[in-house]
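Working through the structure, step by step
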Amino acid sequence: MEQGQKNKYVLYGCFGLFLLINLFCLWKQFFYFSAVSVVLLVLYLLVFRLDLLMYGLAFVTPLSVVISDDKIQLGLSLPSEFIMIAVTLLFLCRILYDWTLDKRLITHPVSIVVYVYLLWMFITCLTSEQPAVSFKFWASKIWFITSCYFMVIQLIKDDLKNAKTFFNCYTVGLGIVVIYTTIRHALRGFSEFSGHWVMTPFYNDHTAYGAVLAFFIPIVIGFLCTAESKKSKWFYLISALILLVGLYLSNCRAAWLSMVVVLFVWLVMKLKIKFTWLVVAALVFGSFFYFYADDILYRMGRNDQDASGNLTEQIQSMTNISTDASNVERLNRWTSALAMIKERPIVGWGPGTYQFQYAPFQKSKYQTIISTNLGDGGNAHSEYLGPCAETGIVGLLTVLALLVASLYTGIKTYMNAQDKNRKHWAMAMTLALVSYFVHGIMNNFLDTDKLSLPFWAAFAVIVVLSFSVKTEYNPSK
């Protein structure tokens, strides 16, 4: 056996022993020992094996649990956000000590849009109605984007296979959550009610759970198409089946809808329809909805099909805004957001403040049994209206710029790639982002580690792929 292979097995053995010891300590409620051991391990990997720490971050993110303190109004998903903060601090320190960065990657159009996105968010923190809340929110964005975008670029820029390993680690962690959730769901007879919470404590509800499953299905299938060994093919095939079962049982209508759009975009990419035509089609669709909004809402108001365990009825209930509390509450959040935007259109109310500010803007006709005035009911349920209410119209434009820049780069990279692997990976990452951008119409989860990590990591892969594809035509670059 080669020395490298022996070292690998020793490493796996040490990790397994570490995991068993900590599980035993957690079982015996020796929480301080586990906390200290995790901190020491992270510090060691941070200094000596940053690549392993990044893979570990991907693995533990879907398994992390939110720990909050109401006194200081702060909640962290542990251990993932602790690792993200540590990686972010290392990244900033290394930049100060002349860490060589690839200028092509940090000056890429997608990276520039990310800088503008963060800069405008910082400006709106200064004008926020609740500056303390906004700066905490902005700080979390910094460690999400730094650890999951810039550090992932550093991880994969010299070897794109590292991107596959990174996403594989998340897939394994997510697969564990799906199996855990499915077993709990089965023990309760797959009831509709239990389907909303059986994924806790790993995901706070079925919508976030469904969103991440919809995100990873295109990625796993894309990796399956480029798998070379039988072992890899079986891994991706089994992973895809697990995720598909989880998606079906999630009863997340927004995730199902996003999969339909993903199939449409996949067809568009296979047929090589120009990106500009997609933009025109989106503008036409948006204009149609705007001018006929009253008629559409009237017809939706006559739909009284509630959500149920039946797939057909679930789909029909997606347009029920008369009796479906979930749908009506979304309208409540959206109309509140629109009213907030009207009052502060330029700088908004401040990043992260929507849930604390929207209560006075609610209209009684849209309030439901799940409506609240206590600021504990979550956000705007929209990745577009929420940022617009919090950071103004300019903030919304930065979000839309991220959407356009990432999809344009992903589709263009797919079209230009000659290498089979790069072509499939570009498509997989683009379709994953499409699933989230569609899901973002009805929900928003980028303020959580669970979705932020794969979302920004997909950005990183697309950016690195775009330059690797260029070298196919000009190897000197």
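Per chain, residue numbering runs from 1 following the sequence as it is written. Since the coordinates come from a predicted model, pLDDT governs what is reported: local features require at least 70, and pairs of side-chain atoms require 80 or more to be given and counted, while whole-chain, interface and lining totals use all residues. Side-chain figures throughout are based on the complete set of non-hydrogen atoms in the structure, without hydrogens or water.

1. Things to note about the overall build of the protein chain
Summing up its helical and strand segments, the protein chain has 19 helices and 2 strands in all. Each residue's exposure class comes from its accessible area (1.4 Å probe, protein chains only) as a fraction of the maximum for that residue type: buried when under 20%, exposed when over 50%, partly exposed otherwise. Taken over 477 residues, the protein chain has a buried fraction of 48%. Working definition of accessibility: Shrake-Rupley area with a 1.4 Å probe, residue cover restricted to the visible protein chains. As displayed, the protein chain has an accessible area near 24200 Å², and 68% of this comes from carbon and sulfur atoms. Secondary structure counts use DSSP, requiring at least four H or I residues in a row for a helix and at least two E residues in a row for a strand, with both numbered from the N terminus.

2. Some thoughts on the confidence of the model for the protein chain
Looking at any residue, its pLDDT shows the predictor's confidence there, from 0 to 100. Mean pLDDT for the protein chain: 83, with 80% of residues reaching 70 or above. In the model of the protein chain, helix α14 (residues 311–316) stands out as the element of lowest mean pLDDT, 48, in contrast to helix α6 (residues 109–126), which has the highest, 96. Contacts are assigned to residue pairs with any non-hydrogen atoms lying within 4.5 Å of each other. The model gives residues 311–323 a pLDDT under 50, and that stretch makes 44 contacts with residues more than four places away or in other chains.

3. Comments concerning unusual backbone geometry
Pro 79 follows Leu 78 through a cis peptide bond whose omega is 5 degrees. Counting through the fold element by element, Pro 79 comes out in the loop between β2 (74–78) and α4 (80–96). Following Thr 200, the chain continues into Pro 201 via a peptide bond in cis, with omega recorded as 10 degrees. Although it is not a glycine, Phe 190 adopts a positive phi angle of roughly 50 degrees. Tracing the chain through its elements places Phe 190 in the loop between α8 (161–187) and α9 (206–226). With relative accessibility at 42%, the residue Phe 190 sits in the partly exposed group.

4. A short note on the packing of aromatic side chains
Only centres within 6.5 Å qualify two rings of Phe, Tyr or Trp (six-membered ring in Trp) as a pair; their planes then separate them into stacked at under 30 degrees, edge-to-face at over 60, and tilted for everything else. The final tally for this structure, using the stated rule, is 25 aromatic pairs. Ring geometry for Tyr 170 against Phe 216: centres 4.6 Å apart, planes inclined by 15 degrees, an arrangement best described as stacked. Highlighted residues: Tyr 170 in helix α8 and Phe 216 in helix α9, separated in sequence by 46 residues. Like Phe 216, Tyr 170 is buried. Seen in terms of ring centroids, Tyr 354 and Tyr 358 are 4.9 Å apart; in terms of plane orientation they differ by 0 degrees. Their pairing is stacked. We note that Tyr 354, like Tyr 358, is buried.

5. A closer look at the environment of Met 427
With respect to the helices, strands and loops of the structure, Met 427 is situated in helix α18 (residues 420–439). As a C-alpha pair, Met 427 and Ile 411 span 16 residues in sequence and 7.1 Å in three-dimensional space. The residues touching Met 427, leaving out its near neighbours within four places in the chain, are Trp 266, Met 269, Lys 270 and Tyr 414.

6. A look at a nonpolar patch on the surface
On the surface, Trp 234, Leu 237, Ile 238, Leu 241 and Leu 244 cluster together to form a nonpolar patch covering roughly 500 Å² of accessible area. As for its placement among the helices and strands, Leu 244 is situated in helix α10 (residues 230–249). Taking the relative accessible area as the measure of exposure, Leu 244 reaches 40% and is therefore partly exposed. Surface patches are drawn from residues lacking salt bridges whose relative accessible area is over 30%; two like charges belong together within 9 Å, two nonpolar side chains (Val, Leu, Ile, Met, Phe, Trp, Tyr) within 5 Å. By definition here, a salt bridge exists when the distance from a side-chain nitrogen of Lys or Arg to a carboxyl oxygen of Asp or Glu is within 4 Å.

7. Quick look at the pattern of salt bridges
Counting across every chain of the model gives 4 salt bridges. The residue Arg 49 makes a salt bridge to Asp 51 at a minimum N-O spacing of 3.0 Å. Since its relative accessible area comes to 34%, Arg 49 is described here as partly exposed. Accessibility expressed as a relative area gives 26% for Asp 51, which makes it partly exposed.

8. Observations concerning the packing of α4 against helix α7 (residues 131–156)
Fitting a line to C-alpha atoms yields each axis, with helices limited to the stretch in contact; the angle taken between N-to-C directions then spans 0 to 180 degrees. Their axes nearest at 8 Å, the elements α4 and α7 cross at an angle of 70 degrees. With respect to each other, α4 and α7 are oriented roughly perpendicular. Together, Glu 81, Met 84, Ile 85, Val 87, Thr 88 and Phe 91 of α4 and Ile 142, Trp 143, Phe 144, Thr 146, Ser 147, Cys 148, Phe 150 and Met 151 of α7 make up the contact between the two elements. Here the contact of α4 with α7 is built from residues that sort into 10 nonpolar, 3 polar and 1 charged. For classification purposes, angles smaller than 35 degrees are called roughly parallel, those larger than 145 roughly antiparallel, those between 65 and 115 roughly perpendicular, and all remaining angles oblique. When residues are sorted by character, Ala, Val, Leu, Ile, Met, Phe, Trp, Tyr, Cys and Pro go into the nonpolar class, Asp, Glu, Lys and Arg into the charged class, and all the rest, Gly among them, into the polar class.

9. Quick word on the side chain of Ser 250
With respect to the helices, strands and loops of the structure, Ser 250 is situated in the loop between α10 and α11 (253–270). What Ser 250 contacts, discounting residues up to four positions off in sequence, is Gly 195, His 206, Tyr 209, Gly 210 and Trp 256.

10. Looking at the environment of Cys 225
Residue placement: Cys 225 occurs in helix α9. Judged by its relative accessible area of 37%, Cys 225 is partly exposed. Between the C-alpha atoms of Cys 225 and Lys 420, which are 195 residues apart in sequence, the distance is 9.4 Å. Once residues lying within four places of it in the same chain are set aside, the contact partners of Cys 225 are Lys 420 and His 424.

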